[in-house]
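Examining the three-dimensional arrangement
Spelled out from the first residue to the last, the chains are:
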Amino acid sequence: MNKIAAENNTVLSGMRPTGQLHLGHYHGVLKNWLNLQHEFKCFFFVADWHALTTHYEDPSIISKSSWDVVIDWLAAGINPNEATIFFQSRVPEHAELHLLLSMMTPLGWLERVPSYKDMQEKLREKDLDTYGFLGYPLLQSADILIYKAGQIPVGEDQVAHVELTREVARRFNFLYGREPGFEEKAEEAIKKMGKKNAKNYNNLRKKFQEEGDHEALEVARELLKSQQNITIADQERLYGYLEGGGRVILPEPQSLLAPTSKMPGIDGQKMSKSYNNTIALREDPESVEKKIRTMPTDTNRVRRTDPGDPAKCPVWQLHEVYSDDSTKEWVQNGCKSAGIGCIDCKMPVVEAINKELEPIRERANEYLETPDIIKNVVAEGCESARDIAKDTLEEVRGVMGLSYR
Ligand code: TRP
Ligand code: SF4
C-alpha cells in the first residue's frame, strides 16, 4: 500500500438520505463516528447523489431526508465543531473527479464489484440497468479521494468499494504521477533531507526494492513522515520513489471496520428500512412500547405457562444489546421456567430503549425548531469541504494536462 493516506488522519464517510435514521444506524455507524470525531479530522456527508442512483424515479424522499439525516446526526451527538458535515451535491467537485477517474477505470472493475449484481437482484422492482448505478462505486472513490482521506469507516458490504478506490488511486498515480524528470526530482529531494537521512533513505529503499523487505519500507515511511525540511510535493515524490512508482497524488485509503454490532430489528432480522422492522431515533415512547409489546417471541411459548427458550426469541437479542448480566439471568431463568411472562420480559427493553432515545429525541426537537442552525451547519460544512476539494481537483487537472485556461 502506498502511504500518506494510512498515516493521515482524515476520516470520511457518507450516508444515503433515504429516510429517518433508526437504531440500526445508531448502533452500527453513529456510535462509531462519535468516537472517531475526537480522534480524527472527520468529514461526514449526506450522499444525496448516491441515493439518486436507486431513487431516480421518485427523488422526493431525498430532499426531505437529507435534512432529517443531518438533524439525526447532530441529535445523536455529532459535533459540527469537530466534524465537517455537508451535502455531496453541494460540492460539485466530486462529480468532476468522478468524470476524470471514469476515463481510466476499466469497466470490468465496476462490473465485478459484488454489490452491483447483489443489489440489482435485491431491488428487482427497480430498473438498475443504468450508467449511474454501475458507476456509483467510482463516485464513492471520488468522494474519498477528493479529500485524500485515509480512514474510511464502513460496514462489511462496503469494503469492496474501498478496495476499488485503492486500485483506482494506484492506477491514477501510476499514470499521472510520472511527471517529467520524476527521478531527478526525487533524487534532489533526497539530498534536501540532509546527509544522514539521505543515506538512510537510500539504504532502506534498496532493501525494499531489491530484497522485498517490508519492514524497511515501513521504516522508510516513518523516516519520511518525520521530515520537516522538505515540501509536501517532495514528500509525495519520495513516498512514490520508495516503491518505484511515480508521485503519490491520490493516496490509497483503508477501511476502518466498525466493531461489529448488528442491531436486531423488532423481528429478529437485522434492523433495516427494507425489512420494515425499525425503531426510529425520533420514535416517541408510546410507539416504542407498542412496537416492543407486539414483537413476536419464541413461537413455542403459546401460553403463559409454557416454558420458552430465549435462543429462539428475537426479544432476547435485544436484551443482549441493552441488558446487564443480572437482567439477562432473570430472562434466562424466567423464560425457561415460565416464571415470567413475555410482557414482563419486554419491559426492561422498552425502558432501556426509551432511556437511550430520550436525549436524542429532545435534541432533535430543538433542532427542528431552529432550522436556521441546521442550514448554517450545512452551509459552513459545504464551504470548508469545497475548499479542500478544489485544491485536490486543481492538482488532478494539472497532472492530467487540463490546467490550461
Ligand atoms: N455507498 C455508501 C452507502 O451506500 C455511502 C457512501 C457514499 C460512502 N460515499 C461514501 C461511504 C464514501 C463511505 C465513503 O452506504
Ligand atoms: Fe422471549 Fe422473553 Fe418471552 Fe422468553 S420470556 S419467549 S425471552 S419474550
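Quick notes on the rules
- Residues numbered from 1 in each chain as written.
- Chains lettered and ligands numbered in written order.
- Predicted model: local features only at pLDDT ≥ 70, side-chain atom pairs only at ≥ 80, totals over all residues.
- Heavy atoms only, no water.
- Near = heavy atom within 4 Å.
- 1 Å grid on protein atoms, 1.4 Å probe; cavity = no way out; pocket = protein on both sides within 12 Å on 5 of 7 lines; lining within 4 Å.
- Sits in = over half its atoms within 2 Å of the grid points.
- Helix = DSSP H or I, 4+ residues; strand = E, 2+ residues; numbered from the N terminus.
- Nonpolar A, V, L, I, M, F, W, Y, C, P; charged D, E, K, R; others polar.
- Polar contact = N/O pair within 3.5 Å; in protein donor to acceptor, adjacent residues only side chain to side chain.
- Contact = heavy atoms within 4.5 Å.
- Phe/Tyr/Trp six-rings, centres within 6.5 Å; stacked < 30°, edge-to-face > 60°.
- Buried < 20%, exposed > 50% of the residue type's maximum accessible area, 1.4 Å probe, protein only.
- Lys NZ or Arg CZ within 6 Å of the ring centre and 35° of its normal.
- Domains from an automatic or database assignment.
- Patch = residues over 30% accessible without salt bridge, like charges linked within 9 Å, V, L, I, M, F, W, Y side chains within 5 Å.
- Areas by Shrake-Rupley, 256 points an atom, 1.4 Å probe, with all protein chains shown as cover.
- Salt bridge = Lys/Arg side-chain N within 4 Å of Asp/Glu carboxyl O.
- Lys, Arg positive; Asp, Glu negative; His and termini not counted.
- Charge placed at Lys NZ, Arg CZ, Asp CG, Glu CD.

1. So, the site of ligand 2
Around ligand 2 sit Thr297, Asp298, Arg301, Pro310, Cys313, Val315, Val331, Cys335, Cys342 and Cys345, and those are all the residues in its vicinity. Comparing atom positions with the cavity grids shows ligand 2 to sit within the largest cavity. Listing elements by their share of the shell around ligand 2, those giving two or more residues are α15 (325-336) and α16 (342-369). The class makeup of the residues in the shell around ligand 2 is seven nonpolar, one polar and two charged.

2. What to know about the site of ligand 1
Near ligand 1 you find Leu12, Ser13, Gly14, Arg16, Phe45, His50, Tyr136, Gln140, Asp143, Ile144, Ile152 and Gln158, and these make up its full shell. Within the contact set of ligand 1, an oxygen atom lies 2.8 Å away from a side-chain nitrogen or oxygen of Arg16. Gln158 is positioned such that a nitrogen or oxygen atom in its side chain is 3.1 Å from a nitrogen atom of ligand 1. Those elements that place two or more of their residues in the shell around ligand 1 are β1 (10-15) and α7 (131-145). Counting residues per element, the shell around ligand 1 draws most heavily on α7, at four residues. Its residues assigned to classes, the shell around ligand 1 comprises five nonpolar, five polar and two charged.

3. Focus on the environment of Phe208
Looking at where Phe208 falls in the secondary structure, it is placed in helix α10 (residues 195-211). Spatially, the C-alpha atoms of Phe208 and Gly24 are 45 Å apart, while their sequence positions differ by 184 residues. Setting aside residues no more than four positions away along its own chain, Phe208 makes contact with Asp213, His214, Ala216, Leu217, Leu242 and Glu243.

4. A few points about the packing of aromatic side chains
In total, this model carries eleven aromatic pairs according to the counting rule given. With 5.6 Å between their ring centres and 35° between their planes, Phe133 and Tyr136 make a pair best called tilted. Remark: Tyr136 and Phe133 occur in helix α7; sequence separation between them is three residues, near one turn of the helix. Neither Phe133 nor Tyr136 differs from the other in exposure class; each is buried. Every member of this aromatic cluster is reached through a ring pair, and the members are Phe43, Phe45, Phe86 and Tyr147. Positioned above the aromatic ring of Tyr241 is the side chain of Arg205, whose terminal nitrogen or guanidinium carbon lies 3.6 Å from the ring centre. Against the face of Trp67 rests Lys375, its NZ or CZ located 5.3 Å from the ring centre.

5. Some details on the domain arrangement of the protein chain
Split by domain assignment, the protein chain resolves into domain 1 (3-177 + 370-399), domain 2 (182-242) and domain 3 (282-368). The C-alpha centroid of domain 2 is placed 32 Å from the C-alpha centroid of domain 1.

6. Focus: a negative patch on the surface
On the surface, a cluster of negative charge is contributed by Glu57, Asp58, Asp127 and Asp129. Its location among the elements puts Asp129 in the loop between α6 (114-122) and α7.

7. Regarding the pattern of salt bridges
In the structure shown here, the tally under the stated rule is 22 salt bridges. Linking Glu236 and Lys148 is a salt bridge whose minimum nitrogen-to-oxygen distance equals 3.7 Å. Within this pair, whereas Glu236 is found in helix α12 (residues 232-242), its partner Lys148 is found in the loop between α7 and β4 (151-154), the two being separated by 88 residues in sequence. Among the residues examined, Lys148 registers a relative accessible area of 18% and is labelled buried. The closest approach of N and O atoms between Asp234 and Arg237, which form a salt bridge, is 2.8 Å. Separated by three residues within a single helix, Asp234 and Arg237 lie in helix α12, roughly one turn from each other. Each member of the pair, Asp234 as well as Arg237, is classed as buried.

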